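Take a look at the letters that make up each chain.
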Amino acid sequence: MINEIFQLQYHSLNEAVHTAFGNDAEICKTDPVHGGDINNACRLSLSTGEKVFVKTNTINNSKFFITESQGLLALKGTGTIGVPKVLGTGIDEQRGFSFLLLEWIESAPRSKNYWETFGHELADMHRTPLPRIKEPQTAAYNQREQRPSSFFGTRGQPSSRYGFWEDNFIGSNPQKNLPMASWIDFYRECRLVPQIKMAEHYLDSRLRKKMTYLLDHLDSYLREPEFSSLLHGDLWSGNVLCGNNGKAWILDPAAYVGDFETDLAMTQLFGSFPSAFYSAYREINPIDKGFEERRDLYHLYHLLNHLNLFGRTYLGSVAAILNRYVS
Ligand code: ADP
């Protein structure tokens, strides 16, 4: 895994395709894939018969894809759940875009036990001992100011840290991942505070006061988890695809190490997965009763992010959560 990210960085889309499929592989057909929020997505058909998935954005936004590929590599590194293989990332100066090239996941009907298997696999992912996850040696990672010496722990000792190798993105907004020993501090400083600062102009003085109260008393609402988990970070149904093995593949992560309850909360923000998913999940990773009390606070981060990304329509949901926790 040494320098894996570097090895996966290319100067053109063709170079990435040739490295993955051989020099004879040419892109014959490009079909748009719909459903994403941020990037252009396409299915590429190659002369060798293979299909690949590519996302593109402006050259200035190449950081989206570097951080996404790191998240995908970390999740895939757990070996627990379907995650598309990263084939390459880079800047194609000639075509004027940055890109992320991934294994193509062919959609197929769900297997009979789809939700049970998904529940088991996600719980396995959340329980993966962090030292098993290998860190990519990227230049950005090595240069970061507060780089932890052994973020995911060493010699089999689980680390209790929260954060990630690098900051990444939630949608197109920045997501801070400064390593911290306390989950509650991490959730306050790296999740709520940056979004609240961004959303300040939406909040009247009453809501601002409530936000301040909530931040100051966060330790009375949240708890320090028994262990830290690698998270998908943006696990709503639009980021899950059923592949042709009939199982769930998780896509488009905003990965970091945190409290597994935040991933579960995200599955319930816009509707919910069926109960079979949660029952199966619990068989491997028990969910504390207090989760239901904490869930809205974990929704708050994503709702603030939606407020900042998409505007005022989300203000009512943000205010409702604040009013629920702070009288
Ligand atoms: P965005 O970053 O713009 O939100 P997504 O990663 O969500 O884009 O991808 C856009 C669409 O492409 C989604 O609807 C998803 O189902 C599909 N998709 C994503 N990754 C793959 C893949 N590896 N294979 C096939 N389809 C994919």
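Residues numbered from 1 in each chain as written. Predicted model: local features only at pLDDT ≥ 70, side-chain atom pairs only at ≥ 80, totals over all residues. Heavy atoms only, no water.

### Overview of the site of the ligand
Working step 1: Lining the immediate surroundings of the ligand are 17 residues, of which Asn39, Lys55, Glu103, Ile105 and Asp252 lie closest.
Working step 2: Taking histidine 34, its main chain carries an N or O atom lying 3.2 Å from an oxygen atom of the ligand.
Working step 3: Burial of the ligand by the protein chains amounts to 92% of its free accessible area of 560 Å².
Working step 4: Taken atom by atom, the bulk of the ligand overlaps the largest pocket.
Working step 5: Class assignment for the residues of the shell around the ligand results in 8 nonpolar, 5 polar and 4 charged. (Near = heavy atom within 4 Å. Polar contact = N/O pair within 3.5 Å; in protein donor to acceptor, adjacent residues only side chain to side chain. Areas by Shrake-Rupley, 256 points an atom, 1.4 Å probe, with all protein chains shown as cover. 1 Å grid on protein atoms, 1.4 Å probe; cavity = no way out; pocket = protein on both sides within 12 Å on 5 of 7 lines; lining within 4 Å. Sits in = over half its atoms within 2 Å of the grid points. Nonpolar A, V, L, I, M, F, W, Y, C, P; charged D, E, K, R; others polar.)

### Thoughts on the pairing of strand β3 (residues 40-46)
Working step 1: Where burial is concerned, most of β3 is hidden: 5 out of the 7 residues are buried.
Working step 2: Across 5 bridges, strand β2 (residues 27-32) lies against β3 in antiparallel orientation. Of the residues in β3, the one forming a bridge with aspartate 31 is arginine 43.
Working step 3: As judged from the 6 bridges shared by β3 and strand β4 (residues 51-57), these two strands associate in the antiparallel manner. Across the sheet, the residue bridging to serine 45 is lysine 51, located in β4.
Working step 4: Between β3 and β4, which pair antiparallel in sequence order, lie 4 residues; one of them, glycine 49, sits at a positive phi of approximately 100°. (Buried < 20%, exposed > 50% of the residue type's maximum accessible area, 1.4 Å probe, protein only. Helix = DSSP H or I, 4+ residues; strand = E, 2+ residues; numbered from the N terminus. Pairing = 2+ DSSP bridges.)

### Considerations on the confidence of the model for the protein chain
Working step 1: Across the protein chain, pLDDT averages 91, with 89% of residues at or above 70.
Working step 2: Below a pLDDT of 50 lies the segment residues 139-150, which in the model reaches 23 contacts outside its immediate sequence neighbourhood of four places, other chains included.
Working step 3: Taken as a whole, residues 154-158 scores under 50 in pLDDT and shows 4 contacts with residues more than four places along the chain or in a different chain. (pLDDT = per-residue confidence, 0-100. Contact = heavy atoms within 4.5 Å.)

### Focus: the pairing of strand β6 (residues 97-103)
Working step 1: Extensive coverage of β6 is indicated by the burial of 6 of its 7 residues.
Working step 2: Strand direction decides the pairing type here: β4 and β6, joined by 6 bridges, are antiparallel. By the bridge assignment, lysine 55 is partnered in β6 with leucine 100.
Working step 3: Pairing of strand β5 (residues 86-92) with β6 involves 6 bridges; the strand directions are antiparallel. Bridged to aspartate 92 within β6 is phenylalanine 97.

### Focus: helix α4 (residues 114-126)
Working step 1: Spanning 13 residues, α4 covers 18 Å between terminal C-alpha atoms, matching the ideal 18 Å at 1.5 Å per step.
Working step 2: When we look at burial in α4, the residues that qualify are Tyr114, Trp115, Phe118, Gly119, Glu121, Leu122, Ala123, Met125 and His126. (Expected span 1.5 Å × (residues − 1).)

### Here's the deal with the layout of surface pockets
Working step 1: By volume, the largest pocket amounts to about 940 Å³.
Working step 2: Contributions of two or more residues to the lining of the largest pocket are made by β4, α3 (62-77), β6, β7 (168-170) and α11 (291-310).
Working step 3: Here the lining of the largest pocket takes 5 residues from α11, the largest share from any one element.
Working step 4: Partitioned by chemical class, the residues of the lining of the largest pocket number 20 nonpolar, 14 polar and 6 charged.
Working step 5: Both domain 1 (2-103) and domain 2 (114-325) contribute no fewer than three residues apiece to the lining of the largest pocket. (Points joined across faces, edges and corners; volume = space filled by probe spheres on them. Domains from an automatic or database assignment.)

### Looking at the packing of helix α7 (residues 205-216) against helix α12 (residues 315-325)
Working step 1: Interhelical geometry of α7 versus α12 gives an angle of 55° and a closest axis separation of 10 Å. The pairing of α7 with α12 is recorded here as oblique in orientation. Crossing geometry of α7 relative to α12 is assigned as left-handed. On the side of α7, the interface is formed by Arg206, Leu207, Lys210, Met211 and Leu214, while α12 contributes Leu315, Val318, Ala319, Leu322, Asn323 and Tyr325.
Working step 2: In terms of residue class, the contact of α7 with α12 is built from 8 nonpolar, 1 polar and 2 charged. (Axes fitted to C-alpha atoms, helices over the stretch in contact; angles between N-to-C directions. Parallel < 35°, antiparallel > 145°, perpendicular 65-115°, else oblique. Left-handed = near helix turned anticlockwise from the far one by under 90°.)

### Concerning the environment of isoleucine 284
Working step 1: Looking at where isoleucine 284 falls in the secondary structure, it is placed in helix α10 (residues 275-284).
Working step 2: If we skip the residues at most four places from it in the chain, isoleucine 284 touches His120, Ala123, Asp124 and Arg127.

### Quick notes on the pattern of salt bridges
Oppositely charged side chains may form a pair once their charged atoms are brought near each other.
Working step 1: Counting across every chain of the model gives 15 salt bridges.
Working step 2: Notably, a salt bridge pairs aspartate 31 with lysine 29, separated by 3.2 Å at the nearest N-O pair.
Working step 3: Relative accessible area serves as the criterion here: at 18%, aspartate 31 is assigned to the buried category.
Working step 4: According to the relative accessible area criterion, lysine 29 is partly exposed, its value standing at 45%.
Working step 5: With its nearest N and O atoms 3.4 Å apart, the salt bridge here joins arginine 294 to aspartate 288.
Working step 6: Arginine 294 sits in the buried class, given a relative accessible area of 8%.
Working step 7: One connected set of salt bridges, linked through shared partners, spans Arg223, Asp259, Glu261, Asp288 and Arg294. (Salt bridge = Lys/Arg side-chain N within 4 Å of Asp/Glu carboxyl O.)

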